[in-house]
Amino acid sequence: MYHLLTDIKKRDRQIHERRNFENDGCIKNWMEIDGKKSGTVPSNEAYDIAQSMMKSEWMLEVPEDIDNWIAVLCPDGKRCCVIAQDNKTKVVNKFGATINYFQSLFPYGCHVPNNCPSHRKRTVLDCLYSYKLKKYYILDIIEWMGVPYTDFDAEFRFYFIQSKLSEIPGIDKKSAKNVFPFELAPRMAASDLYPHLLDKSQFFHENIDLDGINFYYPQSLYTPGESPLVLWLKPFMIPDVLRRPVNDQLVVKPPNYVNIFEFSQSLKKKNKRNKKKKNASNCEKMEVDNLIEVEMDKVMDPVIENEMCIEN
């Protein structure tokens, strides 16, 4: 049986350990700003933010009070962080690579009169990007106008970002100052979700598929890495795991699916294989690049090579 108290203690221990590391100077807080007089942000800012993203765990065991958790519906898309700062908006992926720049209506996200550029303030949102709709769905808030919200519980964070979005006219539409529309990913109490899963299969515009559901413990903080207080399920897993019916379209399972445990393990193995292949490919590329560089040196500077041969 899944013990909620154990998970809360685990969460608190992780937060305590991280804060101790930060106080000891062992790791750099991703929200710190470079103290140089120039006011520039650290060069590894994007990587630090990506490393601080909260990730869900598979719901291998069901919490006793799961009906009271907050269900956030996630469309098919790419996970990313959106950073509005210095009158521009930057998007970084979960590996810390910057993948896009554009204008948005978030504070410090575009050139408007009331958006005074500030190197020391920013707005950071945890999002999913839908390639089909060219739209960002907001999952969570990390920072707003320089104020971090990671130490606030999920229930408050969700209320806060919803209220802030309602104060920004046009944030959900494409415009010159808001190149991509932003929308809060649908969320509700888990107990309210079940009837919807039975009645319909589409929860987003233009038939965007429901990729899965994140279940947030209402009092959970936003902590880096995998959190036992944010649990993930694919729609077809709900009848087996939560013992709740879903409509026929959502219940379609992938080939060879047995249960959630074997499915999650197979994905882990697949990710490890892909990572090894990627590392091997990078090593081969580096070797080829080095060989090319050596050969180019020979072609570009044959005199030096001859002189070296004479000296030998």
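Rules used in this analysis
- Residues numbered from 1 in each chain as written.
- Predicted model: local features only at pLDDT ≥ 70, side-chain atom pairs only at ≥ 80, totals over all residues.
- Heavy atoms only, no water.
- UniProt positions renumbered as here; feature names shortened; annotations may be inferred.
- Helix = DSSP H or I, 4+ residues; strand = E, 2+ residues; numbered from the N terminus.
- Contact = heavy atoms within 4.5 Å.
- Phe/Tyr/Trp six-rings, centres within 6.5 Å; stacked < 30°, edge-to-face > 60°.
- Buried < 20%, exposed > 50% of the residue type's maximum accessible area, 1.4 Å probe, protein only.
- Pairing = 2+ DSSP bridges.
- Axes fitted to C-alpha atoms, helices over the stretch in contact; angles between N-to-C directions.
- Salt bridge = Lys/Arg side-chain N within 4 Å of Asp/Glu carboxyl O.
- Expected span 1.5 Å × (residues − 1).
- Polar contact = N/O pair within 3.5 Å; in protein donor to acceptor, adjacent residues only side chain to side chain.
- Patch = residues over 30% accessible without salt bridge, like charges linked within 9 Å, V, L, I, M, F, W, Y side chains within 5 Å.
- Areas by Shrake-Rupley, 256 points an atom, 1.4 Å probe, with all protein chains shown as cover.

Under an unreviewed UniProt entry, the protein chain has the name Snurportin-1 and belongs to Sipha flava. UniProt, in its Sequence similarities (unreviewed entry) section for the protein chain, records the words "Belongs to the snurportin family." Taken verbatim from the UniProt record of the protein chain, the Function (unreviewed entry) comment is "Functions as an U snRNP-specific nuclear import adapter. Involved in the trimethylguanosine (m3G)-cap-dependent nuclear import of U snRNPs. Binds specifically to the terminal m3G-cap U snRNAs."

Break down the environment of Leu229 for me, with residues and values.
Turning to its location among the elements, Leu229 is positioned in strand β12 (residues 225-233). When the C-alpha positions of Leu229 and Asn214 are compared, they lie 9.9 Å apart, and in sequence the two are 15 residues distant.

Any details on the side chain of Lys90? Residues and values, ideally.
Note on placement: Lys90 falls in strand β4 (residues 88-93). With sequence-adjacent residues up to four places away left out, Lys90 is seen in contact with Glu45, Ala46, Cys81, Val82, Ile83, Thr98, Asn100 and Tyr101.

Kindly report on the packing of aromatic side chains, identifying the contributing residues and their values.
This structure, assessed with the given rule, holds 23 aromatic pairs. Both rings, one in Phe102 and one in Phe182, keep their centres 6.5 Å apart while their planes meet at 40 degrees; by these two values the pair is tilted. Here Phe182 lies in strand β9 (residues 182-184) and Phe102 lies in strand β5 (residues 98-102), a separation of 80 residues in the sequence. Like Phe102, the residue Phe182 is buried in the burial classification.

Which residues make up the pairing of β4, and what values do they have?
For β4, the tally of buried residues reaches 5 of 6 residues, placing the bulk of the element in the interior. Here strand β3 (residues 78-85) pairs with β4 via 6 bridges, running antiparallel. Paired with Val82 across the strands is Val91, a residue of β4. Taking the residues between adjacent antiparallel strands as the criterion, β3 and β4 are bridged by 2 residues, where Asp86 takes a positive phi near 55 degrees. When β4 meets β5, the two strands line up antiparallel, connected through 4 bridges. Paired with Thr89 across the strands is Phe102, a residue of β5.

Residue-level account of the sheet that holds β12, with values.
Across the sheet, 5 strands lie side by side as β1-β12-β11-β2-β10; this open sheet has mixed pairing. Looking at the sheet topology across the chains shown, the edges are occupied by β1 (54-58) and β10 (187-189). Direction aside, neighbouring strands of the sheet carry axes that sit 40 degrees apart on average. For strand β2 (residues 70-75) and β10, the ladder comprises 3 bridges, and the chain directions are antiparallel. Directly across from Ala71, in β10, lies its bridge partner Met188.

Describe the pattern of salt bridges, with residues and values.
As enumerated under the stated definition, the model contains 11 salt bridges in all. Between Asp67 and Arg244 there is a salt bridge, with its nearest N and O atoms 3.4 Å apart. Of the two residues, Asp67 is situated in the loop between β1 and β2 and Arg244 in the loop between α5 (238-241) and α6 (260-300); the sequence distance between them amounts to 177 residues. A salt bridge links Asp126 to Arg79, with the shortest nitrogen-to-oxygen separation between them at 2.6 Å. With Asp126 in strand β6 (residues 123-130) and Arg79 in strand β3, this residue pair connects regions lying 47 residues apart in the sequence. Residue classification places Arg79 among the partly exposed residues on the basis of a relative accessible area of 23%.

An account of the environment of Leu198 is needed here, citing residue identities and associated values.
By the secondary structure assignment, Leu198 is in helix α4 (residues 190-199). In contact with Leu198, not counting residues within four places along its chain, are Pro245, Val246 and Asn247.

I'd like a rundown of unusual backbone geometry, residues and numbers included.
The backbone of Asp86 sits at a positive phi, close to 55 degrees, despite the residue not being glycine. Of note, Asp86 is situated in the loop between β3 and β4. Not every positive phi belongs to a glycine, and Asn256 is a case in point at roughly 65 degrees.

Which residues make up helix α3 (residues 154-166), and what values do they have?
With 13 residues, α3 extends 18 Å from end C-alpha to end C-alpha; this agrees with the ideal 18 Å at 1.5 Å per step. Of all the residues in α3, the buried ones are Ala154, Arg157, Phe158, Phe160, Ile161, Ser163 and Leu165. Structurally, the start of α3 carries an N-cap: the backbone nitrogen of Glu155 is 3.2 Å from a side-chain oxygen of Asp153.

Let's hear about a nonpolar patch on the surface: which residues, and what values?
A surface patch of nonpolar side chains, about 310 Å² in accessible area, is lined by Phe152, Phe156 and Tyr159. Here Tyr159 lies in helix α3.

Got a sec to walk through the pairing of strand β7 (residues 135-144)? Specific residues and values, please.
Among the 10 residues of β7, 10 are classified as buried, and the element is accordingly described as predominantly covered. The pairing of β6 with β7 spans 7 bridges and is antiparallel. Bridged to Val124 within β7 is Glu143. Inspection of the sheet shows β7 paired to β9 by 3 bridges, in the parallel sense. Each bridged residue has a counterpart across the sheet, and for Tyr136 the counterpart in β9 is Phe182.

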